[in-house]
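# Structural features, examined
Spelled out from the first residue to the last, the chains are:
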Amino acid sequence: MATSHVDVPGEPTETGTALLETATGTIQGFQPINNIHQHLCAFHFYAHDMTRQVEAHHFCGHLNEDVRQCLIYDSPNKDARLIGIEYIVVESLFLTLPDDEKPLWHSHEFEVKGGYLFMPGVPGMVERQDLKQVCKTYGKVIHFWQDDRGDPLPLGIPQIMMALTRPGQLDENIAKDVEKRFGVSFEEQREQRKDLTGPDHGIHPLANAAGRGLKTELREVDIPPATSMPRVFV
Amino acid sequence: MTCNAHSSKPVCSDVLDESSVVFNNLKSKSKKHPMHGIAHVSESTDYERTPSLTAWNTGKDDISLISIQKSFKEAPRYSCYHKKGQKKGYKGIHSVLYLNRSMASSDKKPGPTPAIGPGSTLPGKPTTLGSKLIESGAMMLQSMAPVRQMNLHACTFALYGHDLSRQIETHHFIQRINQDFLQCAVFDSDKPSARLIGVEYIVSDNIFETLPSEEQKLWHSHAYEIKTGLWTLPGMPELLQDPEHKSLTKTYGKFWCTWQVDRGDRLPLGLPSLMMSPQAVDIARVNPELVKRRDRKYGVSRGDAKESRVEMAEPEWINPNADYWKQHGKGFAIDVVPVEMKSSGALI
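Residues numbered from 1 in each chain as written. Chains lettered and ligands numbered in written order. Predicted model: local features only at pLDDT ≥ 70, side-chain atom pairs only at ≥ 80, totals over all residues. Heavy atoms only, no water.

## A few points about the overall build of chain A
Going by this rule: What counts as a helix is a DSSP run of H or I of at least four residues, what counts as a strand is a run of E of at least two, and both are numbered from the N terminus. C-alpha atoms define the radius of gyration in this analysis, and the globule rule sets the expected value at 2.2 Å times the number of residues to the power 0.38. Exposure categories follow from relative accessible area, calculated using a 1.4 Å probe and restricted to protein chains: below 20% of the type maximum is buried, above 50% is exposed, and the middle band is partly exposed. Whether two residues touch is decided by their heavy atoms; if any such pair falls within 4.5 Å, the residues are in contact. What sets the accessible areas is the Shrake-Rupley method with a 1.4 Å probe; for residues, cover comes only from the shown protein chains. For the purpose of counting charges, residues Lys and Arg are taken to be positive, whereas Asp and Glu are taken to be negative. His and the chain ends are not included. Lysine's charge is taken at NZ, arginine's at CZ, aspartate's at CG and glutamate's at CD.
Scanning chain A for helices and strands turns up seven helices and eight strands. Taking 2.2 N^0.38 as the reference for a compact globule, 234 residues should give roughly 17 Å; the C-alpha atoms of chain A span a radius of gyration of 19 Å, in line with that estimate. Taken over the C-alpha atoms alone, chain A extends approximately 55 × 45 × 35 Å along its principal axes. Relative to its 234 residues, chain A shows a buried fraction of 62%. Considering only intrachain contacts with a sequence separation of at least 6, the fraction spanning at least 24 residues in chain A is 66%. Of the accessible surface of chain A, which amounts to about 8700 Å², a share of 52% is contributed by carbon and sulfur atoms. On chain A, the mean spot of the 22 positive side-chain charges and the mean spot of the 34 negative ones are 4 Å from each other.

## A look at the pattern of salt bridges
Between side chains of opposite charge, pairing is possible as soon as their charged atoms come close. All names here are of chain B. Note the following rule: In the sections that follow, a salt bridge refers to a side-chain nitrogen of Lys or Arg positioned within 4 Å of a carboxyl oxygen of Asp or Glu.
One pass over the full model with this rule turns up 26 salt bridges over all chains. The salt bridge partner of Asp188 is Arg195, with a shortest N-O separation of 3.0 Å. Of the charged contacts in the structure, one is a salt bridge between Glu215 and Lys254, with a shortest N-O distance of 2.7 Å. Separated by 39 residues along the polypeptide, Glu215 in helix α4 (residues 213-216) and Lys254 in strand β9 (residues 252-257) bring together distant segments of the chain.

## Re the interface of chain A and chain B
Where we set the bar: The term polar contact refers here to a pair of N or O atoms within 3.5 Å; inside protein, the definition further demands a hydrogen-donor-capable atom paired with an acceptor-capable atom, and it admits residues adjacent in sequence only when both atoms are side-chain atoms. Each pair of strands is called paired provided DSSP finds at least two bridges between the two strands.
In this assembly, 121 residues from chain A lie in contact with 134 residues from chain B. Remark: the boundary between chain A and chain B carries six salt bridges. One salt bridge in this structure joins Asp107(B) and Arg219(A), with 2.8 Å as the shortest N-O distance. At the boundary of chain A and chain B, one finds 46 residue pairs in polar contact (both at pLDDT 80 or more). The biggest single contributor to the side of chain A that touches chain B is strand β8 (residues 213-222) of chain A, with 10 residues. Pairing of β8(A) with strand β11 (residues 330-339) of chain B, which is carried by 10 bridges, proceeds in the antiparallel orientation. When the bridges of β11(B) are listed, Gly213(A) appears paired with Val339(B).

## Focus on the environment of Ile27(A)
Mapped onto the elements of the fold, Ile27(A) is located in helix α1 (residues 15-27). For Ile27(A), a relative accessible area of 47% puts it in the partly exposed group.

## Details of the confidence of the model for chain A
Test applied: A residue's pLDDT is the confidence the predictor assigns to it, expressed on a 0 to 100 scale.
Considering every residue of chain A, the mean pLDDT works out to 91; 94% of them sit at 70 or more. A low-confidence stretch, residues 227-234 of chain A stays under pLDDT 50, and its non-local contacts, those more than four residues away or across chains, total 16 contacts.

## Description of the pairing of strand β10 (residues 273-276) of chain B
Residue and element names in this part refer to chain B. Alternating residues of β10 divide into Ser273 and Met275 and Leu274 and Met276, and every residue in both groups is buried. Pairing geometry for strand β4 (residues 152-160) and β10, over two bridges, is antiparallel. Bridge pairing links Tyr160 to Met275 in β10. Examined bridge by bridge, β9 and β10 share three bridges and lie antiparallel to one another. Within β10, the position partnered with Phe255 by the bridge is Met275.

## Thoughts on the packing of α1(A) against helix α6 (residues 238-248) of chain B
Which entries qualify depends on this criterion: Lines fitted to C-alpha atoms define the axes, with helix axes restricted to the stretch in contact, and inter-axis angles between N-to-C directions lie between 0 and 180 degrees. With respect to orientation, any angle under 35 degrees is reported as roughly parallel, any angle over 145 as roughly antiparallel, any angle of 65 to 115 as roughly perpendicular, and every other angle as oblique. Crossing chirality is assigned from the near helix's rotation relative to the far helix, an anticlockwise turn below a right angle marking it left-handed and a clockwise turn marking it right-handed.
Closest axis-to-axis distance for the α1(A)/α6(B) pair is 10 Å, and the angle between their directions is 135°. Judged on the interaxial angle alone, α6(B) and α1(A) are oblique. For the crossing formed where α1(A) meets α6(B), the hand is left-handed. Packed against α1(A), whose contacting residues are Thr17(A), Leu20(A) and Glu21(A), the element α6(B) presents Leu240(B), Pro243(B) and Glu244(B) at the interface.

## Regarding unusual backbone geometry
The phi torsion of most residues other than glycine is negative, and most of the peptide bonds are trans. All names here are of chain B. The residue Met144 is not glycine, and still its phi comes out positive at about 55°. Mapped onto the fold, Met144 is located in the loop between α1 (129-141) and α2 (145-148). If you check the backbone angles, Asp323 has positive phi at about 50° while not being a glycine. Residue position: Asp323 is located in the loop between α8 (302-310) and α9 (324-328).

## Examining the packing of aromatic side chains
Each aromatic ring pair is characterised by the separation of its centres together with the angle its planes make. Which entries qualify depends on this criterion: Here the aromatic set is Phe, Tyr and Trp, taking the six-membered ring for Trp, and pairing holds for ring centres within 6.5 Å; pairs whose planes are under 30 degrees apart are stacked, those over 60 apart are edge-to-face, and all others are tilted. Whether a charge sits over a ring comes down to the Lys NZ or Arg CZ being within 6 Å of the ring centre and within 35 degrees of the ring normal.
Enumeration according to the criterion identifies 16 aromatic pairs over all chains in this entry. Ring centres of Phe173(B) and Phe187(B) lie 5.6 Å apart, and the angle between their planes is 85°; this geometry places the pair in the edge-to-face category. Here Phe187(B) lies in strand β6 (residues 181-187) and Phe173(B) lies in strand β5 (residues 163-178), a separation of 14 residues in the sequence. We note that Phe173(B), like Phe187(B), is buried. Put simply, the rings of Phe43(A), Phe110(A), Tyr116(A), Phe118(A), Phe182(A) and Phe186(A) touch in pairs and so form one group of aromatic residues. The ring of Tyr46(A) has Arg52(A) lying over it, and the distance from NZ or CZ to the ring centre is 3.8 Å. The cationic tip of Arg166(B) hangs over the ring face of Tyr160(B); the distance from NZ or CZ to the ring centre is 3.8 Å.

## Here's the deal with the environment of Trp231(B)
All names here are of chain B. Tracing the sequence through the fold places Trp231 in the loop between α5 (223-227) and α6. The spatial distance from the C-alpha of Trp231 to the C-alpha of Glu169 is 10.0 Å, given a sequence separation of 62 residues. Among the polar contacts made by the side chain of Trp231, one reaches the side chain of His245 at a distance of 3.4 Å.

## So, the side chain of Thr249(B)
All names here are of chain B. Within the secondary structure, Thr249 sits in the loop between α6 and β9. Taking relative accessible area as the criterion, Thr249 reaches 1% and is therefore assigned buried. One polar contact links the side chain of Thr249 to the main-chain carbonyl oxygen of His245, over a distance of 2.5 Å.

Here it is, written out as structure tokens:
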């Protein structure tokens, strides 16, 4: 459950540090963060293990009409852990991705139409304006912190995550818990979202890991020999 | 001729051409009614030429084709298999089964695609008024609490762990969880158009020492980049930066980069790259041009930073497991491999 998590080890923040960071918070600029305007709640599961399901709170901003980027937290609260990232693109951009890239992305049609993806606090009518667009998009989610298995720190390597694509995948308990905490009903949403449509060309067969599981692995590589001047791609 | 799922030898009807096979009366295991359609087979990545491609679920190497559908708007999951060497029209089918070909990695450059281009310009249309209105609405009603916790902006440089000569300027937006742990959203600039390029976690040396050595290898030390002034807090007078730097000098970071903008990626491609920090070793020193440009932008005087930080206590000891490449000459890359999906028996 996302309502409580294992504490991150460490001493409480010292007063001096806290004061300084309050100052930086008011003096410095935070434009990239200020571009984040939306909170979406959805469910992810590990691309190699559908039984491990995570409630994912997305805080998203538009880079433009066709590309969004989101920070994923384990809760919508002040003490939330930053656990991952999602990128969302429209269908036309998804189709430009190389074929070895497409399996890393998932479709949003089912979770939007199924009512499982929602914007907490936003009335249905407004929500649906945006979900009309989201329904047709593809997303790429990477998690860095496996707090669903109780990790107190972000250990290990990044995990590709997938989204719901069919009925029966989402754990009942997780669903009920989220419905209760946010005062939503997935079934009601399903009714109201009947007219939403998915990608114009249908769900691409390579998306959603083309129906397979995907597991990330770590590999050692040789570092290229020293050059006298580092290259810069500007 | 018909293709029958229950037969071990699917037989297909007309071969339209080298790349198309027509199937009729296919019966699938999961659906009772017969399906028919056309499979277009293509080696190319030009997906748009084959709009009626079917959806496959690749099981094993020897892939069996059980059924096909007219258009993939329905996207069901079917197993398909390919009998290699059979004369009638199967020849091309295996090429559709992309999962048996190479998969993405963090250190392999993706093949030619419109998603890579000079200047890595973002593709897509400008944000519409409609979207902006929705966002304003959301902003008024939603709390955004987690994102409001970030109250520190640091600008520094990072190196790709598998190729230290690739160096980028990064903008960390940081939230402190406690005295020993910080979490950062990393962007490629500090403008509203900044791209989210990764996440970094920072831990104190106390916490770092508790990590298993396999984990420690993925982390890098911060002492060098802070003492040399590569790491700076834009907009803050150097003196005010001191207390923060004192505590950060002894920390370690773990930074995954999810968007290789410097490579020309117009969209986030591949697997995350493990990043490393600048170090006092030739191959890990940041190109002076990059630093000069950054310093000019933020009015950082190289002299100021280095001087005030010279007094800062060096960590007595930096764990040799961190900055793994220094002792071992090896970096890390991330691959992804297809596996059987673990499920509770629910439909995949």
